[in-house]
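Geometric and topological summary
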Amino acid sequence: MTIIDKTSNVPAPRSAPEGTPLLEVRDLHVEFHTRDGVAKAVNGVSYSVSAGETLAVLGESGSGKSVTAQAIMGILDMPPGKIPHGEILFQGTDLLKLPAEEFRKVRGSKIAMIFQDALSSLNPVHTVGAQLGEMFRVHRGMSKKDATAKAVELMDRVKIPAAKARVGDYPHQFSGGMRQRIMIAMAMALEPDLIIADEPTTALDVTVQAQVMDLLAELQREMNMGLILITHDLGVVADVADKIAVMYGGRIVETAPVHEIYSRPAHPYTRGLLDSIPRLDQKGQELYAIKGLPPNLLNIPSGCAFNPRCPKAQDICRTDVPVLHSVTEQDGTEMPGRGSACHFWKEQLHG
Amino acid sequence: MGRYLIRRLIQAIPVLLGATFLIYLLTFAMPGADPIQLLAGEKKADPLVAAMLREKYHLDDPFLLQYWNYITGVFQGDFGETLSGRKVLDMITEAFPYTMNLAIVAFVIEAIVGVVAGIMAALRRGKFIDQLVLISTLLVISIPVFVTGFVLQLTLGVKLKNEWGIDFFSPSFNEADGFRAYLLPAFVLASTSLAYVARLTRTSLMETMRADYVRTATAKGLPRRRVVVNHGLRNAMIPIVTFLGADLGGLMGGAVITERIFNIHGVGGLLAKSVYLKEGAVVVGGVTLLVLVYLIANLIVDLLYAVLDPRIRYA
Amino acid sequence: MTDTQIAGAPSAGAVVSKGGRKKKKDREASLWSDAIDDLRRNPVFLIGAFLVLCLLVISAVPQWFTDGSPFDSTACVLQDSLKTPSAEHWFGYDIQGCDVYTRTVWAARNSVIVGIVTTTLVTVIGGALGLLAGWTGGIVDSILSRFTEIFFAIPLLLGGMLIMSALPGNAWTVSLVLAILGWPQIFRIMRSSVLQNKNNDYVVAARALGAGTLRITLRHILPNAIAPVIVVGAISLGVYISAEAALSYLGIGVQPPEISWGLMVSDASVRWLQAPHVLLFPAVALSITVLAFIMVGDAVRDALDPKLR
């Protein structure tokens with residue numbers, strides 16, 4: 001994405017509708033019952049996305065970002081997964097309370113998902129045409145022939161060369177970037193209102209990453225969809241996202257409009273993430289790394305989950321779980337959309 | 001696709017030659033396997049007659065040459081003669097249809113019952129039906145075929161008629177009953193493999209249901225049935241087909257016991273008898289035929305494999 | 001590893017290993033100790049192991065369990081032929097008027113010998129050749145692999161009949177024959193296991209650091225390949241016992257005056273419809289024995305393969 005595009009995106013929500021957001025997750029909890037105990041993967045996550053808006057969910061492995069997404073899609077394995085508490089409001093209805101058959105009709109047609117590894121996420125024994133066409137056949141009741149024609153159209157749309165000739169090819173016959181385009185085409189097929197992209201570029205070459213991200217952003221803009229972009233890569237986020245939610249240990253630790261977070265993080269964990277990005281202007285210096293390891297989900301530390309790794313941890317951090325505080329400027333003026341789950345957010349932000 | 005098949009075909013040739021050679025070696029080069037003396041029985045063989053027979057059957061040729069003559073004969077449809085002058089091919093073609101019918105009926109039972117039981121168990125993992133399939137297959141695998149055979153013969157073949165008045169299965173094979181005559185023996189023959197197929201299907205389907213592409217299929221909003229059949233089962237079938245194909249040969253070879261219990265005059269019985277009687281030519285001929293069936297079944301599996309898995313087809 | 005994996009495969013390993021990257025050796029130790037932990041709580045394993053233990057004791061000292069001996073020709077009286085079970089003679093009498101219980105107890109020994117000897121031979125032959133084929137690759141591998149295909153093409157029972165017809169029929173020769181026909185199975189498992197591990201990073205690293213071939217094979221590859229071999233070994237132990245019985249049933253396995261469950265079934269089958277008990281007792285003993293080994297093998301497999309949990 002070019003610089004010009006970027007500046008045009010900055011004034012955040014592009015077409016925020018009046019009233020309810022497209023998707024609103026409220027106090028979501030997810031746990032997995034394993035042989036060794038209960039793994040608490042998500043512990044009270046709330047976020048929202050509006051039409052045309054891009055929310056980036058950031059966090060390392062095990063932070064609960066993908067599990068949250070799977071809960072929204074309704075593709076958690078249950079059991080062992082369980083949602084003891086929470087609401088997922090999509091266009092005003094709670095998906096968790098929908099009958100299974102109603103929820104199924106939402107999947108794919110209103111909410112779609114793009115997975116990380118397109119090679120394993122596409123069925124190796126069906127042609128890409130059949131897998132794309134399946135969306136139209138199942139949700140729209142189209143004939144095989146019409147569905148294939150639609151598949152070709154979709155492949156054209158995601159800029160796969162010679163779409164007509166390649167519609168009968170199998171996933172393994174495509175390159176990594178092309179496969180990810182097919183995944184995107186599949187998600188876009190029925191023009192859903194919301195797309196969840198789970199690390200859509202992580203498995204790709206750096207050179208291809210940008211192309212795929214651009215394509216995704218372009219299609220999102222055209223169709224005015226909400227987009228949840230799950231990633232651990234702060235670099236990807238800067239170009240496309242409107243707002244960011246940083247997750248750690250199954251909770252949101254910081255929320256902010258995208259550019260503010262780079263200049264003024266309000267949580268020590270976010271600070272750590274930013275410091276660990278290699279920067280050209282600091283060539284030769286030792287790269288910063290957050291000390292320690294992500295929390296064990298079977299036994300999350302008491303108080304703030306980040307406390308064992310936090311350079312600024314105090315006694316209170318080991319006993320009290322910090323809530324997501326609304327963050328204000330030093331003089332008390334509000335900072336809209338910003339929040340931090342740190343007892344010492346003031347020191348972090350203003351110190 | 002064509003190249004793949006030709007490669008598999010070429011690979012089958014050394015196996016066929018090797019297996020027949022091994023059988024030939026075991027039959028004719030084992031100690032105590034002088035066919036002339038065996039024919040003569042207790043008496044000392046007349047040296048003149050013996051020499052004549054040796055000449056006629058090329059018994060004095062080097063072993064490798066004997067084998068070569070034999071195998072080239074086989075490819076021209078000549079399986080040789082027994083020392084008493086009967087054509088081996090005639091004996092085999094007489095017995096072959098029984099074994100083939102038995103194996104095919106067993107194969108169908110094995111494939112249908114095994115796969116269905118496996119699917120039900122996999123989709124209700126940990127539930128009653130799953131436990132039932134796991135335990136019953138464990139029992140079936142543990143009970144030797146001849147025990148299963150006798151027990152079913154007594155219960156279904158005898159008791160059902162004598163005590164319940166249902167005359168459906170017969171305790172011994174009766175050709176006049178046609179297809180029905182094969183049901184009980186075929187079920188016995190299929191029992192062990194059936195249990196393996198059920199377990200393999202269960203594991204294979206459970207594994208594919210965890211695959212990323214099945215998750216994708218669910219995320220696409222496909223109905224559960226379509227997810228299971230088109231995405232789970234379709235991929236899970238690949239190892240099952242391999243097992244089934246390899247087992248067709250095994251069923252024919254394993255028919256020895258079933259044929260004996262139910263008194264069916266098939267290839268198994270013929271071979272068992274010929275081993276006792278040291279009728280080398282029949283043994284080699286019969287086993288060669290079974291090896292051929294095994295190899296053809298494997299070729300069909302390879303073909304199916306390529307149909308089922310495009311990654312192989314285009315490799 | 002992304003956190004999607006928690007959802008996809010919430011095995012204990014995936015979650016716990018988030019705690020940190022342990023050293024290779026620890027991981028292996030934990031695989032085995034996890035497995036042992038698992039087995040101790042698995043009723044299938046406990047029942048199977050108990051039965052196997054009983055069987056081993058019976059076959060080692062059958063005289064503890066019965067006063068009679070099957071080799072005492074005066075013990076059998078034709079008058080008793082096919083008598084049904086009674087308080088003194090739990091299993092009744094066979095056609096010759098011999099006590100079925102005594103014979104069933106004593107016959108355990110041959111089954112155990114065949115099971116253990118065959119499995120040992122198969123594991124040693126198949127394991128060694130599989131290791132060789134997998135590690136050297138190239139022409140050795142091709143030749144050995146083609147060779148195993150030949151063995152796979154020969155039906156087990158018929159091949160066994162052929163070889164046995166030239167050998168004296170006792171537990172040792174039966175074991176040998178079954179081993180000759182059975183080794184390719186272990187060969188395949190060992191070979192593919194070696195191939196899988198050969199290109200693992202730590203093996204490549206060991207090679208880069210100058211470790212010798214033998215050392216790498218013994219220290220790094222063998223321990224990884226051993227688990228699947230043990231599993232298949234345990235399960236096929238039962239299968240070989242079953243195969244011995246089948247050969248004996250067909251009259252070309254263990255020969256009289258030796259005794260074997262297969263042989264007893266074969267003898268009893270003549271009058272089976274009139275006197276089913278004579279056949280059923282050895283048949284049940286045989287089935288329980290095979291079941292016990294398969295239960296143990298199954299449980300060990302499940303314990304060593306967390307994927308199947």
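Conventions used here
Residues numbered from 1 in each chain as written. Chains lettered and ligands numbered in written order. Predicted model: local features only at pLDDT ≥ 70, side-chain atom pairs only at ≥ 80, totals over all residues. Helix = DSSP H or I, 4+ residues; strand = E, 2+ residues; numbered from the N terminus. Rg over C-alpha atoms; globule rule 2.2 N^0.38 Å. Buried ≥ 20, exposed ≤ 12 C-beta atoms within 10 Å, placed from the backbone. Contact = placed C-beta atoms within 7 Å. Pairing = 2+ DSSP bridges. Axes fitted to C-alpha atoms, helices over the stretch in contact; angles between N-to-C directions. Domains from an automatic or database assignment. Nonpolar A, V, L, I, M, F, W, Y, C, P; charged D, E, K, R; others polar. Expected span 1.5 Å × (residues − 1). Bend = angle between axes of the 7 residues up to and from the residue. Parallel < 35°, antiparallel > 145°, perpendicular 65-115°, else oblique. Left-handed = near helix turned anticlockwise from the far one by under 90°.

1. A closer look at the overall build of chain A
Within chain A one finds 14 helices and 12 strands. Over its C-alpha trace chain A gives a radius of gyration of 21 Å, about what one expects of a compact globule, namely 20 Å for 351 residues. Dimensions of chain A, computed from the C-alpha atoms along their principal axes, are close to 65 × 45 × 40 Å. Looking at chain A as a whole, 46% of its 351 residues qualify as buried. Look at the contacts in chain A between residues 6 or more apart in sequence, and 65% of them connect residues 24 or more apart.

2. Here we look at the sheet that holds strand 6 (residues 111-114) of chain A
Residue and element names in this part refer to chain A. Taken together, the eight strands give an open sheet; going across it, the order is 6-7-8-3-9-10-12-11, and neighbouring strands pair in mixed fashion. One side of each edge strand has no neighbouring strand; the edge strands of this open sheet are strand 6 and strand 11 (325-328). When strand polarity is set aside, the average angle formed by the axes of neighbouring strands in this sheet is 25°. Of the pairings in the sheet, the one linking strand 7 (residues 194-198) to strand 8 (residues 226-231) comprises five bridges and is parallel in character. What sits directly across from Ala-197, in strand 8, is Leu-229.

3. So, the domain arrangement of chain A
Residue and element names in this part refer to chain A. When the domains of chain A are assigned, the result is domain 1 (23-241) and domain 2 (248-279 + 288-350). Elements represented by at least two residues in the side of domain 1 that touches domain 2 include exactly strand 2 (37-49) and helix 10 (234-240). At nine residues, the largest contribution of residues to the side of domain 1 that touches domain 2 is made by strand 2. In terms of residue class, the side of domain 1 that touches domain 2 is made up of nine nonpolar, nine polar and three charged.

4. Looking at the pairing of strand 9 (residues 243-248) of chain A
Residues and elements named next belong to chain A. Counting buried residues along strand 9, six of its six residues qualify, which places the element largely inside the surrounding structure. Of the two faces of strand 9, both are covered, the one formed by Lys-243, Ala-245 and Met-247 as well as the one formed by Ile-244, Val-246 and Tyr-248. Strand direction decides the pairing type here: strand 3 (residues 54-58) and strand 9, joined by four bridges, are parallel. Counted as the bridge partner of Leu-55 is Lys-243 from strand 9. Direction of pairing for strand 9 relative to strand 10 (residues 251-257): antiparallel, over a ladder of six bridges. Residue pairing across strands places Lys-243 opposite Pro-257, the latter belonging to strand 10. Connecting strand 9 to the next strand, strand 10, in antiparallel fashion are two residues, including Gly-249 with a positive phi near 55°.

5. Digging into the sheet that holds strand 2 of chain A
All names here are of chain A. Read across the open sheet, the four strands follow the order 2-1-4-5; overall the sheet is antiparallel. Whereas interior strands pair on both sides, the edge strands pair on one side only; in this sheet they are strand 2 and strand 5 (93-94). For strand 1 (residues 23-34) and strand 2, the ladder comprises 10 bridges, and the chain directions are antiparallel. Its bridge partner being in strand 2, Phe-32 is matched across the sheet by Ala-39. Along the sheet, helix 2 (residues 65-73) contacts strand 1, strand 2 and strand 4 (81-90); its crossing angle with strand 1, the most-contacted strand, is approximately 110°.

6. Points about helix 10 (residues 224-262) of chain B
Residues and elements named next belong to chain B. With 39 residues, helix 10 should cover 57 Å at 1.5 Å per step; its first-to-last C-alpha distance of 45 Å lies more than 12% under that length. Residue Ala-255 marks the point of greatest curvature in helix 10, where the axis turns by about 45°. Just downstream of helix 10 lies Asn-263, where phi reads positive at about 60°.

7. Notes on the interface of chain B and chain A
Across the contact, 19 residues belong to chain B and 24 residues belong to chain A. Elements that contribute at least two residues to the side of chain B that touches chain A include exactly helix 9 (212-219), helix 10 and helix 13 (310-313) of chain B. At six residues, helix 9 of chain B tops the list of elements feeding residues into the side of chain B that touches chain A.

8. What about the environment of Val42(A)?
Residues and elements named next belong to chain A. Tracing the chain through its elements places Val-42 in strand 2. Residue Val-42 is classed as buried on the basis of its 30 C-beta neighbours within 10 Å. Spatially, the C-alpha atoms of Val-42 and Ile-83 are 9.1 Å apart, while their sequence positions differ by 41 residues. Contacts of Val-42, omitting those with residues within four sequence positions, involve Leu-28, His-29, Val-30, Gly-64, Val-67, Thr-68 and Gly-250.

9. Let's talk about the packing of helix 1 (residues 2-28) of chain B against helix 6 (residues 138-153) of chain C
Viewed as axis vectors pointing N to C, helix 1 of chain B and helix 6 of chain C meet at an angle of 60°, and their least axial separation amounts to 8 Å. As far as their axial angle goes, helix 6 of chain C and helix 1 of chain B are oblique. In the packing of helix 1 of chain B onto helix 6 of chain C, the handedness of the crossing is right-handed. On helix 6 of chain C, the residues that touch Pro14(B), Val15(B), Gly18(B), Ala19(B) and Leu22(B) of helix 1 of chain B are Arg146(C), Glu149(C), Ile150(C) and Ala153(C). For the contact of helix 1 of chain B with helix 6 of chain C, the class distribution of residues is six nonpolar, one polar and two charged.

10. Remarks on the interface of chain C and chain B
Taken together, the contact pairs 35 residues of chain C with 39 residues of chain B. Of all the secondary-structure elements, those providing two or more residues to the side of chain C that touches chain B are helix 6, helix 7 (156-164), helix 10 (213-249), helix 11 (261-269) and helix 12 (276-304) of chain C. Of the residues belonging to the side of chain C that touches chain B, the class tally is 27 nonpolar, six polar and two charged.

11. A word on unusual backbone geometry
Looking along the chain, the bond that leaves Pro256(C) and enters Pro257(C) is cis, with omega of 5°. Mapped onto the elements, Pro257(C) comes out in the loop between helix 10 and helix 11. Backbone geometry at Glu191(A) places phi at a positive 45°, although glycine is not the residue there. Residue placement: Glu191(A) occurs in the loop between helix 8 (176-188) and strand 7.

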